[in-house]
Amino acid sequence: MSYLDELNPVQRQAVENTDGPVLVVAGPGSGKTRVLTYRIAHIMEKGVAPWEILSLTFTNKAAREMQERISKVVGDKARNVWSGTFHSIFARILRVEADKIGYSPNFTIYDTEDTKSVIGAIIKEMNLDKTVYNVNTIRSRISSAKSSLITPRLYAENEAMKMQDRQAKMPFISDIYLKYGERCKRAGAMDFDDLLYRLYELWQKNPEVLDKYRKRFRYLLVDEFQDTNTLQYGIIRKLVHFEGSPRNICVVGDDAQSIYAFRGATIQNILDFEKDFSPFGIKVFKLEENYRSTEHIVQAANEVIRFNKKQIQKKIWSSKGTGQKIKVIKTMTDAEEGKRVADTISEQRNRFHLRNTDIAVLYRTNAQSRVLEEYLRRYNIPYKIFGGLSFYQRKEVKDLIGYLRLAVNPKDEEALRRVINFPKRGIGDSTLDKISELAGQQNLTMWEVLLHIDAGTRTQKSIHEFVKIVQDSGQKAESLNAHEAAMYIAKQSKLIEEYNQDKTVEGLGRLENLNALLDGIKSFVEDDEFETASEQQNKSLASYLQNIALLTDQDDESKNGDYVTLMSVHSAKGLEFKSVFVVGLEEKLFPSFMSMDTPDGLDEERRLFYVAITRAEQYLTLTFSMSRYKFGQMQYNEMSRFIEEIPRDHLESTSALRSGFSADFEPTPSRTTTTAVPSKSGVSGAFKPRPASSNAAPRIDPALFKASPSDQIKVGNTVLHLKFGEGKVLNIDGGKDNRIATIFFEAADDGQEKRIMLKFAKLQIVE
DNA sequence: GAAGTGATGTTTTTT
DNA sequence: ACATCACTTC
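Residues numbered from 1 in each chain as written. Chains lettered and ligands numbered in written order. Predicted model: local features only at pLDDT ≥ 70, side-chain atom pairs only at ≥ 80, totals over all residues. Heavy atoms only, no water.

Draft legend 1. Examining the nonpolar core more closely. Ranked by internal contacts, the top residues of the largest apolar core, which has 48 residues, are L450, F466, L517, L541 and Y544. Setting aside residues up to four positions removed in sequence, Y544 forms contacts with Y392, A482, L517, I521 and F524. Membership of the second largest hydrophobic core comes to 46 residues, among which are M190, L210, L239 and I270. (Core = buried A, V, L, I, M, F, W, Y, C linked by side-chain atoms within 4.5 Å. Buried < 20%, exposed > 50% of the residue type's maximum accessible area, 1.4 Å probe, protein only. Contact = heavy atoms within 4.5 Å.)

Draft legend 2. Region of interest: the UniProt feature "binding site: ATP" (unreviewed entry) in chain A. Here the UniProt feature "binding site: ATP" (unreviewed entry) sits at A26, G27, P28, G29, S30, G31, K32 and T33. With respect to the helices and strands, the residue G29 is situated in the loop between strand 1 (22-26) and helix 2 (32-45). The class of G29 is buried, set by a relative accessible area of 14%. Here K32 is to be found in helix 2. (UniProt positions renumbered as here; feature names shortened; annotations may be inferred. Helix = DSSP H or I, 4+ residues; strand = E, 2+ residues; numbered from the N terminus.)

Draft legend 3. Structural context of empty space enclosed by the protein. Enumeration over the complete set of coordinates arrives at six cavities of 30 Å³ or more. In this model, the largest cavity occupies a volume close to 100 Å³. In this structure, the largest cavity is lined by Q324, K325, K327, T344, E347, Q348, R351, F352, Y619, L620, T621 and E652. Ranked by residue count, the leading element in the lining of the largest cavity is helix 15 (residues 334-352), at five residues. In the lining of the largest cavity, the residues fall into three nonpolar, four polar and five charged. (1 Å grid on protein atoms, 1.4 Å probe; cavity = no way out; pocket = protein on both sides within 12 Å on 5 of 7 lines; lining within 4 Å. Points joined across faces, edges and corners; volume = space filled by probe spheres on them. Nonpolar A, V, L, I, M, F, W, Y, C, P; charged D, E, K, R; others polar.)

Draft legend 4. Summary view of the protein's contact with DNA strand C. The immediate surroundings of DNA strand C are formed by K130, R370, F631 and G632. A share of 57% of the atoms of DNA strand C within 4 Å of the protein falls on sugar and phosphate groups. For the surface near DNA strand C, the per-class residue count stands at one nonpolar, one polar and two charged. (Near = heavy atom within 4 Å.)

Draft legend 5. The arrangement of the sheet that holds strand 16 (residues 616-625) in detail. On the basis of which strands lie adjacent, the open sheet formed by six strands has the order 11-16-15-12-14-13 and parallel pairing. Edge positions in the sheet fall to strand 11 (327-331) and strand 13 (383-385), since each of these pairs with one other strand and no more. Strand-to-strand twist in this sheet, taken as the mean axis angle between neighbours without regard to direction, amounts to 20°. Two strands pair when backbone bridges link them, and strand 15 (residues 577-582) and strand 16 are joined in this way by five bridges, in the parallel orientation. Its bridge partner lying in strand 16, S579 is registered against Y619. Sitting on the sheet, helix 15 is in contact with strand 11, strand 12 (359-363), strand 14 (564-568), strand 15 and strand 16, with an inclination near 160° to strand 16. Seen against the sheet, helix 16 (residues 369-378) touches strand 12, strand 13 and strand 14 and runs at an angle of roughly 160° to strand 13. (Pairing = 2+ DSSP bridges. Axes fitted to C-alpha atoms, helices over the stretch in contact; angles between N-to-C directions.)

Draft legend 6. Structural view of the pattern of salt bridges. Inspection of the entire model under this criterion finds 50 salt bridges. Close ionic contact of E113 with K398 constitutes a salt bridge, the shortest N to O distance being 3.7 Å. Taken together, the residues E113 in helix 5 (residues 112-125) and K398 in helix 17 (residues 395-408) connect sequence positions 285 residues apart. Residue K275 pairs with D272 through a salt bridge whose shortest N-O separation is 3.7 Å. Residue K275 and its partner D272 are located together in helix 13 (residues 268-277), separated by three residues, close to a single helical turn. Salt bridges here are not isolated pairs; linked through shared partners, they connect D111, E113, K395, K398, D399 and R418. (Salt bridge = Lys/Arg side-chain N within 4 Å of Asp/Glu carboxyl O.)

Draft legend 7. Spotlight on the packing of helix 17 against helix 22 (residues 482-492). With their axes 10 Å apart at the nearest point, helix 17 and helix 22 run at an angle of 115° to one another. Two packed elements cross with a definite hand, and for helix 17 against helix 22 that hand is right-handed. Seen from helix 17, the contacting residues are L400, Y403, L404 and A407; seen from helix 22, they are A486, I489 and A490. Broken down by class, the residue content of the contact of helix 17 with helix 22 amounts to seven nonpolar, no polar and no charged. (Left-handed = near helix turned anticlockwise from the far one by under 90°.)

Draft legend 8. Here's a closer look at the sheet that holds strand 8 (residues 283-287). Across the sheet, which stays open at both edges, the six strands sit in the order 3-2-6-7-1-8 with parallel pairing between neighbours. Of all strands in the sheet, those bounded by a partner on one side alone are strand 3 (82-85) and strand 8. Taken over all neighbouring pairs, the strand axes of this sheet differ in orientation by 15° on average, direction set aside. Bridge analysis of strand 6 (residues 219-222) against strand 7 (residues 249-253) gives three bridges, and the strand direction is parallel. The partner of L220 across the bridge, within strand 7, is I249. Its contacts with the sheet put helix 4 (residues 86-97) on strand 2 (53-57), strand 3 and strand 6, and the angle it makes with strand 3 is roughly 115°.

Draft legend 9. The UniProt feature "domain: UvrD-like helicase ATP-binding" (unreviewed entry) in chain A, seen in detail. The sites that UniProt annotates as "domain: UvrD-like helicase ATP-binding" (unreviewed entry) are residues 5-294. The distance from the first to the last C-alpha atom of residues 5-294 is 24 Å, and the span holds 52% helix and 12% strand.

Draft legend 10. Spotlight on the packing of aromatic side chains. The final tally for this structure, using the stated rule, is 20 aromatic pairs. Between Y155 and Y177, the ring centres sit 5.7 Å apart and the planes meet at 75°, which makes this aromatic pair edge-to-face. Taken as a pair, Y155 in helix 7 (residues 152-157) and Y177 in helix 9 (residues 173-186) lie far apart in primary sequence, 22 residues in all. The same class applies to Y155 and to Y177, which are both buried. Among the aromatic residues, ring-to-ring pairing joins W82, W203, Y213 and F217 into one connected group. Above the ring of Y260, the side-chain terminus of R263 is found at 4.1 Å from the ring centroid. Its guanidinium or amino end placed over the ring of F524, K539 lies 5.2 Å from that ring's centre, counting from NZ or CZ. (Phe/Tyr/Trp six-rings, centres within 6.5 Å; stacked < 30°, edge-to-face > 60°. Lys NZ or Arg CZ within 6 Å of the ring centre and 35° of its normal.)

Quick look at the structure:
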């Protein structure tokens, strides 16, 4: 049987149309990965060499899964497909071309912490008030500038940006941005955004280099296209969108699952893609059958996402049967929430014969995991937390990696700052400041200053020792393999000794982590499992560092063991579980207070909720708590509007919603207005009335209610609304398909005039 | 230069 | 609640 027979008709078309531009709009659980992998297999079957195919994903996990699944179809050849994350593939290309942009192939990759530290140092040097110049804010400003292809120069010239900065009382951000770039370059370092930005720049300035890659990658596939930012799409376009290009590109995405707008992702890219490639015979396929979840879940998701204004029209459906209704649990405290979750997990395991691995608990913020942990532990439910502090972000691990980084690239200032006085060797802050100042004045790296500095005898001696350690390490890094070199460096730097002396439980853990890191390096040297076209590996320390720079904790999945998964909704994207708990469904938490004030922010939160509930195959449980500790203080919250947005008939029991709640939980007037106004693009977005549960407004017996056809409703009518009672139609506006009535409800408790979209509202004409 | 103390911000999400 | 950071004291 051919693999093509495993596909439904739409999927099959998406696979078979290998040439020319293709957009696949893929709903949750619609077999997206299957389409991508089979498509690659199919391209190869047509005689294309694996190394002519470039497949880009966002996470290492997705990349690995892809690689594995291609192997299953085409065997060993899969290794030669260029498949990986944007960042890793681009980093690899940049190492090859480094000299053309003034970098060494051994450039360091700065992680977020490094970036913040550099920015902090610059703020300090510029004598700016760091309570005003918040490092996080600035980091994200710089990051989004890069992601939107705005150079420091353009930034300085951009009135809108400057205006924003002035309003935030930070007029010097553009100067910080400029300095930051210079600093990174001087240190031979790139941050995450640079891996994209520098490649763009490289191709921009060197047409012959670009040409080389255009010829190499004849077929391009992009996963999770809704998460790409302007810069990423810019790179993609450079690669395939040019005169005479065959434009063999396939992008797969789901606008409803776009949850990374906060870091520059924009679904505008999907729209632009359609526009850019439509003159070249773009084909659009919509995968609408959901193979993952049962109907209550799929329909609830459909209904909720309809509250969003902008979206590509599609109707996701399931043929997996009605299934269980969605369970809602309300508790008084976050502790009780944890208890109920643990309780329900035990119950479900028995009743439905679930294993722990079938179950996931998803939350909006990582901080919520603590209470949950406590109760899972009490109930003896094994669990594993994903996200949060990654292994590579632990202090002791970063310490050793700092030394390793210096061995490979002594210009790396952040590594130098980290380890120059750890273990303590008498080079304190004042000396460091002096070095840093000298470096700034003479435009040298701190390392170069160290080599020539003239300090007091004692400090001078310490500096000498340190310099020697780094130089020796550098030599070993060149002559030995990664593991041998790392062992040498760990000993020589006295790091092992330092942690050996710490006999506390914590200290022992640290030593253990250090050894785990060294073991990891050992297996890197011994293993050649992951040798692919994009990673022709050598076993040097430099090569090792390049490999781990882009790893996160979710990557070393030791999937042995039976545990319940705890993770943020963001990191759950792409996963599925038989039973899913989404916890903390409260206003200001989910939707987050950070984004609930703007319509776009709220829409993104809703998409996030959409992602959360569509992870569930059979059982979905939503929980919320009336109170919760935040920053050590008790906070009182209301139930999330997202629960309200699920039609009641998909919920198991509405008692959790009813008891103890009053009109507080009905949609607020402001919300009614915002959702009722049709968007300019005319796509769906509507206030959808639900049968009221409890409300101060008059109750109407639903059995006696009979909605009148919306086109019969006229100005002056008196109408009956299930929730708001009797009202008089004051005005009707909007286009013929989107008529909106302004209705005066006598009995409604809040803001009596309401704007209601007739297309969706159920109103009965009384007279 | 190190170690201890109090104030302050932090929690949205990640390559 | 927790961590980080500035400020004090030794």
